[in-house]
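Here is what each chain is made of, one letter per residue.
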Amino acid sequence: MGELEVVIATCYGAANTGQLAGAVATELAKENEEYHLVCLPAVAIDKDTGLNKIAGAELFVIIEGCPVMCCSKIVEEHTGRKPDIRVEMVEDYGVKKAPVLEYDEAEKDRIKADVKRRIEKALAERGLA
């Protein structure tokens, strides 16, 4: 069994979609003590704290802001690990990307509930729930 049950890497980009992805990830980690965030810049500079967190994850989740998939590309380049679950705000949830830092709270709650459902399902399938 890995060191950490669920590790989440996320976009915190400079558009509504990145801010939304970051808010979803942050709230999930705050509300579930078995969920842990990884510092994406630490991964990008090959810092052990970021790399080891991903390596030790039983379930690795990436929450992307947009179809550019920056988070996934950074993680895969520096760790070789693909996520067990990857969601993206535009294609998976129909969020229209805009160069603003605001997002809809109801949309955040809807997406957070879906991501949590996906995580719980994956944990149950692995016998970890």
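The rules behind these values
- Residues numbered from 1 in each chain as written.
- Predicted model: local features only at pLDDT ≥ 70, side-chain atom pairs only at ≥ 80, totals over all residues.
- Heavy atoms only, no water.
- Core = buried A, V, L, I, M, F, W, Y, C linked by side-chain atoms within 4.5 Å.
- Buried < 20%, exposed > 50% of the residue type's maximum accessible area, 1.4 Å probe, protein only.
- Helix = DSSP H or I, 4+ residues; strand = E, 2+ residues; numbered from the N terminus.
- Contact = heavy atoms within 4.5 Å.
- Pairing = 2+ DSSP bridges.
- Right-handed = clockwise from strand over helix to strand, strands pointing away.

### Describing the nonpolar core
Okay, step 1: Core analysis: the biggest nonpolar cluster contains 23 residues, and Ile-63, Met-89, Val-115 and Ile-119 have the highest contact counts within it.
Okay, step 2: Mapped onto this core, the elements with two or more residues apiece are β1 (4–10), α1 (16–31), β3 (57–64), β4 (85–88), α5 (89–93) and α6 (105–125).

### As for the environment of Cys-71
Okay, step 1: Take Cys-71: it is sitting in helix α4 (residues 70–79).
Okay, step 2: Taking the C-alpha atoms as reference, Cys-71 lies 6.3 Å from Thr-10; in sequence the two are 61 residues apart.
Okay, step 3: For Cys-71, the residues in contact, after removing those within four places along its chain, are Ala-9, Thr-10, Cys-11, Leu-40, Ile-62 and Glu-64.

### Digging into the pairing of β1
Okay, step 1: Among the seven residues in β1, six count as buried, and that is most of the element.
Okay, step 2: Note: β1 against strand β2 (residues 35–37), three bridges, orientation parallel. Within the sheet, the bridge partner assigned to Ile-8 lies in β2 and is Leu-37.
Okay, step 3: In this view, the connection linking β1 to its parallel neighbour β2 by way of α1 has right-handed handedness.

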